[in-house]
Amino acid sequence: MVRIFLALCATMMILASCGAGGGTDGRPGDGTSVFRIKASDEAKIQFRYLDAVNAVRASKNLAELELSAELIAAAKAHSFDMSRQNRPWHFGSDGSSPIERAARVGFTGRVLGENISETFEDDLATLQAWLADSTTRDVLLDPDARRLGLSWFQQKSGKIWWTTLTGT
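This structure is a prediction, so every number in the text was calculated from the model and none was measured.

What counts and how
- Residues numbered from 1 in each chain as written.
- Predicted model: local features only at pLDDT ≥ 70, side-chain atom pairs only at ≥ 80, totals over all residues.
- Heavy atoms only, no water.
- Helix = DSSP H or I, 4+ residues; strand = E, 2+ residues; numbered from the N terminus.
- Buried < 20%, exposed > 50% of the residue type's maximum accessible area, 1.4 Å probe, protein only.
- Contact = heavy atoms within 4.5 Å.
- Axes fitted to C-alpha atoms, helices over the stretch in contact; angles between N-to-C directions.
- Parallel < 35°, antiparallel > 145°, perpendicular 65-115°, else oblique.
- Left-handed = near helix turned anticlockwise from the far one by under 90°.
- Pairing = 2+ DSSP bridges.
- Core = buried A, V, L, I, M, F, W, Y, C linked by side-chain atoms within 4.5 Å.
- Expected span 1.5 Å × (residues − 1).
- Polar contact = N/O pair within 3.5 Å; in protein donor to acceptor, adjacent residues only side chain to side chain.

(A) Region of the structure containing the overall build of the protein. Regarding its fold elements, the protein presents 6 helices and 4 strands. Written out in order from the N terminus, the α and β elements of the protein read α-α-β-α-α-β-α-α-β-β. Taking all 168 residues of the protein together, the buried fraction comes to 46%. Within the protein, counting contacts between residues at least 6 apart in sequence, those at least 24 apart form 69% of the total.

Here's what the structure looks like:
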């Protein structure tokens, strides 16, 4: 019970301290600053996100997830594709599903779910929004999940297209 409480507290602290405040235009803070992602931040963001998801999963007595290079590649391709289409949706411009995109990059497990977002907020603010909605929360807390992929595409304007996938 103590472990669950500590995991939940750690998750809440991570989400509270790292989440961006919301401006009226959907951008972090006062509406004038933009969360910028540098190429060198990729691994840091993916592991920070994984740690936060695993803390929430631990509080629910669920197995930890591991990052999957294949699911990350599928998420990266889809984030870029959503940006090109200028709309967040689960189908690729070629009509592909999350399952088809994961198979294309060599994922041999079963894709359990995909969450997507179009935002100016950082990874942990996006995670917080996904955890607040039962449909997207269920993707992250699927008891069968063992693998996770997170990636994004950031436009020059600062808008970020996030994609996360879970699988077995």
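Now that the structure has been shown, the text picks up again.
(B) Examining the packing of helix α2 (residues 42–59) against helix α5 (residues 123–132) more closely. The N-to-C vectors of α2 and α5 enclose an angle of 30°; their axes lie 10 Å apart at closest approach. For the element pair α2 / α5, the angle class is roughly parallel. Where α2 crosses over α5, the handedness of that crossing is right-handed. Residue-level inspection shows I45, R48, Y49, A52, V53 and V56 of α2 in contact with α5, the latter providing D123, L124, L127, W130 and L131.

(C) Summary view of the sheet that holds strand β2 (residues 111–119). Read across the open sheet, the 4 strands follow the order β1-β3-β4-β2; overall the sheet is mixed. For this open sheet the edge positions go to β1 (66–67) and β2, each flanked by a neighbour on one side alone. Along the sheet, helix α3 (residues 69–85) makes contact with β1, β2, β3 (147–154) and β4 (160–167), crossing β3 at roughly 30°. α5 contacts β2 and β4 of the sheet and is inclined by roughly 120° relative to β2.

(D) The nonpolar core, seen in detail. Ranked by size, the top nonpolar core spans 21 residues in total, and within it Y49, L127, L140, W152 and W162 carry the most contacts. Secondary structure elements with two or more residues in this core: α2, α5, β3 and β4. When residues in this core are grouped by element, the largest group, 6 residues, is from α2. Among the nonpolar cores identified, the runner-up in size contains 7 residues, and A74, A75, A102 and L165 belong to it.

(E) Inspection of the side chain of S96 at higher detail. With respect to the helices, strands and loops of the structure, S96 is situated in the loop between α3 and α4 (98–104). Residue classification places S96 among the buried positions, given a relative accessible area of 2%.

(F) Fine view of α2. Its 18 residues place the ends of α2 26 Å apart at the C-alpha level, agreeing with the 26 Å of an ideal helix rising 1.5 Å per residue. All of the buried residues along α2 are I45, Q46, Y49, L50, A52, V53, N54, A55, V56, R57 and S59. Of the residues trailing α2, N61 is marked for its positive phi of about 60°.

(G) Summary view of α5. With respect to burial, α5 is a largely interior element, 7 of its 10 residues being buried. Taken residue by residue, α5 has D123, L124, A125, T126, L127, W130 and L131 as its buried positions. Regarding α5, its N-cap is D122, as a side-chain oxygen of that residue lies 3.2 Å from the backbone nitrogen of L124 further along.

(H) Molecular detail of the pairing of β3. Within β3, 6 of the 8 residues are buried, which leaves it mostly tucked inside the rest of the structure. In the sheet, β1 pairs with β3 via 2 bridges, with the strands oriented parallel. Note on β3: the bridge partner recorded for E66 is R147. Both β3 and β4 contribute to a ladder of 8 bridges, which runs antiparallel. Following the sheet pairing, S151 is matched in β4 by T163. The antiparallel pairing of β3 with β4 creates a hairpin that spans 5 residues between the two strands, and G158 there sits at a positive phi of about 105°.

(I) Local environment of the environment of Q85. By secondary structure assignment, the location of Q85 is in helix α3. Here Q85 falls in the partly exposed class, since its relative accessible area comes to 21%. Among all residues touching Q85, those that are not within four sequence positions of it are F91, G92 and S93. Here D81 takes part through its side chain, which lies 3.0 Å from a polar atom of the side chain of Q85.

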